[in-house]
Amino acid sequence: MSEGSAILARARARIPGGVFGHRRSFAFVDGVMRGLPERYPHFIARAHGCRIVDADGAEYIDLLCGYGPMISGYGRAEVDAAFAAQQARGVAYSLPSTIEVELAEALVARTPGSAWAAFSLSGTDSVGLALAVARAHTGREALVVAHGAWHGNHTSMAFGSGRIDADRQRTRWIRWGDPEEARAALEREPVAALVLCPYDQQVGAPNHLPPPGYWAAIRRHCDASGALLVVDDVRSGLRLDPRGSAAHFGIDADLICLSKALANGYPAAATLGGERLRAAAEAIFVSGTFWGFAPALAAALANLELLDAAACRVMAALGRRLGDGLVALAAARGVGLTVSGPPALPLLRFAEDPAFDRGCALAEGLARRGVLIHPTHNLFLSLAHQPGDIDEILEAAEAALDELLEAGR
Ligand SMILES: Cc1ncc(COP(=O)(O)O)c(C=O)c1O
């Protein structure tokens, strides 16, 4: 038995499902829920740059980047040095660290429309904080969100075993990208917040960039109805634009949620808001013992130094090289494959693959060739990926596609 299989067997005895949460699932979209195949890597021993090494010593080019946090590279010296320096000065103080003020200034300076920042640890925290501010400001309860969007562990927005209808009673779902549906939902009842991702970033379905005029129409409908516009930039934040995705797409947001890539893998999140929401942000009590975790905030400050417009252009170019290469390889073999979403966060989807059999087969084939992808979730490019890594991935994809076709999948 390999080391990885032995650890998996031990994990299954002591951890629900062996691998808990989203890292357990290979495909988690409407009605399709499959566990990771045994031959897929399960446990990682170490990482450096864009490469991870599993419990058996096998190395992979990581195109998942920890589901987004790794943006500057695993073990990025500047970020880790900032974390270590702050760690040496103390970790969880009884009062906020001075670094919190520095990071708030840095984020507000780079995020158009923002006047303040409040820190927490995760995307779930950041969205929860934004919802509390929106409800405090408007005095309203209802929320409007898009079908298929994931905004974190909020019982008001999540489905499935262990969740109850009563928790979702104040939430309505609309299609992302249709301003008329948004208008109708906002006119139906007084809404505290319309919560949307900056582009349609559903898992398992082609992703869509905003159609022309979409965000201007959304802004008008929010203003007409008195609802606040919350942009959940947890997943894409800082990969598209150093000012955040709202600025990238010209979105006039009331509240912006950031986390994942903020501190290059250390747990940190920020909720940013405009001047008119300052009083509401001051009025709410939302908190966490570890919020404002000083070393992660120091890491975030150092990470932001690395994330400028040129860095975002580099990630977009790498993503285009990857996406164009994959589409060409598939087309040469008569296989329908779409790559959608922004180039730095590409989503692969095979045509006529409702149960993701082909997607799973490609992911498995790539894993055996030293590349880690996910069959239904978008991928993430980072500053640690080099053009040569993309070429290596494409070489592996060519062999994995041939194998998949030979096997009649
Ligand atoms: C768009 C979006 N919002 C919120 C979250 C929740 O973030 P976290 O897992 O850090 O709580 C995620 C996580 O995947 C996300 O993709």
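Just above sits the structure.
Residues numbered from 1 in each chain as written. Predicted model: local features only at pLDDT ≥ 70, side-chain atom pairs only at ≥ 80, totals over all residues. Heavy atoms only, no water.

1. Brief notes about the overall build of the chain
1) Next: Of regular secondary structure, the chain possesses 12 helices and 15 strands.
2) Next: Computed over the C-alpha atoms, the radius of gyration of the chain is 21 Å, within 12% of the 22 Å expected from 2.2 N^0.38 for a compact globule of 409 residues.
3) Next: Taking the principal axes of the C-alpha coordinates as reference, the chain spans close to 60 × 50 × 45 Å.
4) Next: For the chain, the residues scored as buried account for 53% of the 409 residues in total.
5) Next: Partitioning the intrachain contacts of the chain with sequence separation of at least 6 by distance along the chain shows that 73% fall at a separation of at least 24.
6) Next: Accessible surface, the chain as shown: approximately 17,500 Å² in total, 53% of it carbon and sulfur. (Helix = DSSP H or I, 4+ residues; strand = E, 2+ residues; numbered from the N terminus. Rg over C-alpha atoms; globule rule 2.2 N^0.38 Å. Buried < 20%, exposed > 50% of the residue type's maximum accessible area, 1.4 Å probe, protein only. Contact = heavy atoms within 4.5 Å. Areas by Shrake-Rupley, 256 points an atom, 1.4 Å probe, with all protein chains shown as cover.)

2. Brief notes about the packing of helix H10 (residues 309-332) against helix H12 (residues 387-406)
1) Next: In the contact formed by H10 and H12, the axes pass within 10 Å of each other and the chain directions differ by 20°. The angle between the axes of H10 and H12 places the two elements in the roughly parallel class. The handedness of the crossing between H10 and H12 comes out as right-handed. Contacts from Leu318, Arg321, Leu322, Gly325, Leu326, Leu329 and Ala330 of H10 reach H12 at Pro387, Ile390, Asp391, Ile393, Leu394, Ala397, Glu398 and Leu401. (Axes fitted to C-alpha atoms, helices over the stretch in contact; angles between N-to-C directions. Parallel < 35°, antiparallel > 145°, perpendicular 65-115°, else oblique. Left-handed = near helix turned anticlockwise from the far one by under 90°.)

3. So, helix H9 (residues 294-306)
1) Next: For H9, which comprises 13 residues, the first-to-last C-alpha distance of 19 Å matches the rise-based estimate of 18 Å (1.5 Å per residue) to within 8%.
2) Next: Of all 13 residues making up H9, 12 are buried, and the element is well covered by its neighbours.
3) Next: Looking at H9, one finds that the buried residues are Ala294, Pro295, Ala296, Leu297, Ala298, Ala299, Ala300, Leu301, Ala302, Asn303, Leu304 and Leu306.
4) Next: Contacts made by the buried residues of H9 are with helix H2 (77-89), helix H3 (98-110), strand S6 (116-120) and H10. (Expected span 1.5 Å × (residues − 1).)

4. Structural notes on the sheet that holds strand S12 (residues 269-273)
1) Next: On the basis of which strands lie adjacent, the open sheet formed by 7 strands has the order S6-S12-S11-S10-S9-S7-S8 and mixed pairing. Each end of this open sheet is capped by a strand with a single partner; those strands are S6 and strand S8 (171-174). Neighbour-to-neighbour, the strand axes of the sheet open up by a mean angle of 20°, direction not taken into account.
2) Next: Here 4 bridges tie strand S7 (residues 142-146) to strand S9 (residues 191-196), and the two strands are oriented parallel to one another. When the bridges of S9 are listed, Leu143 appears paired with Ala193.
3) Next: The strands that helix H4 (residues 123-138) touches are S6, S7, S9, strand S10 (228-232), strand S11 (255-258) and S12; relative to S11, the one it contacts most, it runs at about 165°. (Pairing = 2+ DSSP bridges.)

5. Thoughts on the pattern of salt bridges
1) Next: As enumerated under the stated definition, the model contains 23 salt bridges in all.
2) Next: Between Glu392 and Arg51 there is a salt bridge, with the nearest N and O atoms lying 3.2 Å from each other. Taken together, the positions of Glu392 in helix H12 and Arg51 in strand S4 (residues 51-54) put the pair 341 residues apart, joining distant regions of the chain.
3) Next: A salt bridge links Arg168 to Asp165; its shortest N-O distance comes to 2.6 Å. (Salt bridge = Lys/Arg side-chain N within 4 Å of Asp/Glu carboxyl O.)

6. So, the sheet that holds strand S5 (residues 59-62)
The strands making up a sheet associate through backbone hydrogen bonding, with each pair oriented either parallel or antiparallel.
1) Next: Taking strand neighbours across the sheet as the criterion, the 4 strands line up as S3-S4-S5-S15 in an open arrangement whose pairing is mixed. Two strands in the sheet have a free side with no partner beyond their single neighbour: strand S3 (44-48) and strand S15 (371-372).
2) Next: Relative to S5, S4 runs antiparallel, the two sharing 3 bridges. Bridge assignment links Val53 to a residue of S5, and that residue is Glu59.
3) Next: Of the strands in this sheet, S4, S5 and S15 touch H12, which is tilted by about 110° from S5.

7. Section: the nonpolar core
1) Next: Formed by 99 residues in total, the largest nonpolar core has its most connected members in Leu107, Leu194, Ile218, Leu322, Leu362 and Ile373.
2) Next: Residue contributions to this core peak at 10 residues, all from H9.
3) Next: Counting contributing residues, this core receives three or more from each of domain 1 (3-71 + 309-406) and domain 2 (77-306).
4) Next: Dropping the residues within four chain positions of it, Leu107 is found in contact with Ser114, Phe119, Leu258, Leu262, Ala270, Leu272 and Leu304.
5) Next: Judged by nonpolar contacts, the second largest core, of 20 residues, contains Ala130, Leu131, Val133 and Ala193. (Core = buried A, V, L, I, M, F, W, Y, C linked by side-chain atoms within 4.5 Å. Domains from an automatic or database assignment.)

8. Focus: helix H1 (residues 3-14)
1) Next: Between its first and last C-alpha atoms H1 spans 17 Å; for 12 residues at 1.5 Å apiece the expected length is 16 Å, and the two agree.
2) Next: Within H1 the residues assigned to the buried category are Gly4, Leu8 and Ala11. The buried residues of H1 occupy an angular sector of 65° when the element is viewed end-on, so they sit on one face. In H1, those exposed residues whose orientation departs by more than 90 degrees from the buried face are Arg10 and Arg14. (Arc of directions from axis to C-beta.)

9. Quick notes on the packing of H3 against H9
1) Next: Relative to each other, H3 and H9 sit at 35°, their axes nearing to 9 Å. Between H3 and H9 lies a crossing whose hand is left-handed. Residues Ile99, Glu100, Glu102, Leu103, Ala106, Leu107 and Arg110 of H3 form the contact with H9, whose own contacting residues are Ala294, Leu297, Ala298, Ala300, Leu301 and Leu304.

10. Let's talk about the site of the ligand
1) Next: In the region of the ligand, the neighbouring residues are Ser122, Gly123, Thr124, Trp150, His151, Gly152, Cys197, Gln201, Asp232, Val234, Arg235 and Lys260.
2) Next: Asp232 is positioned with one of its side-chain polar atoms (N or O) 2.6 Å from a nitrogen atom of the ligand.
3) Next: Burial of the ligand by the protein amounts to 83% of the accessible area it has alone, namely 390 Å².
4) Next: Here the shell around the ligand is built from residues that sort into 3 nonpolar, 6 polar and 3 charged. (Near = heavy atom within 4 Å. Polar contact = N/O pair within 3.5 Å; in protein donor to acceptor, adjacent residues only side chain to side chain. Nonpolar A, V, L, I, M, F, W, Y, C, P; charged D, E, K, R; others polar.)

11. Focus on the packing of aromatic side chains
1) Next: Under the criterion given, the structure shown has 7 aromatic pairs.
2) Next: Between Phe159 and Trp173 the ring centres are 5.0 Å apart and the planes differ by 50°, which places this aromatic pair in the tilted class. Separated by 14 residues along the polypeptide, Phe159 in the loop between S7 and S8 and Trp173 in strand S8 bring together distant segments of the chain.
3) Next: A ring pair is formed by Trp176 and Tyr214, whose centres lie 4.6 Å apart and whose planes are at 40°; its orientation type is tilted. You can see Trp176 sitting in the loop between S8 and helix H5 (179-188) and its partner Tyr214 sitting in helix H6 (residues 214-225), a full 38 residues away along the chain.
4) Next: Taking relative accessible area as the criterion, Trp176 reaches 12% and is therefore assigned buried.
5) Next: Pairwise contacts between aromatic rings join Phe83, Tyr266 and Phe293 into one cluster. (Phe/Tyr/Trp six-rings, centres within 6.5 Å; stacked < 30°, edge-to-face > 60°.)

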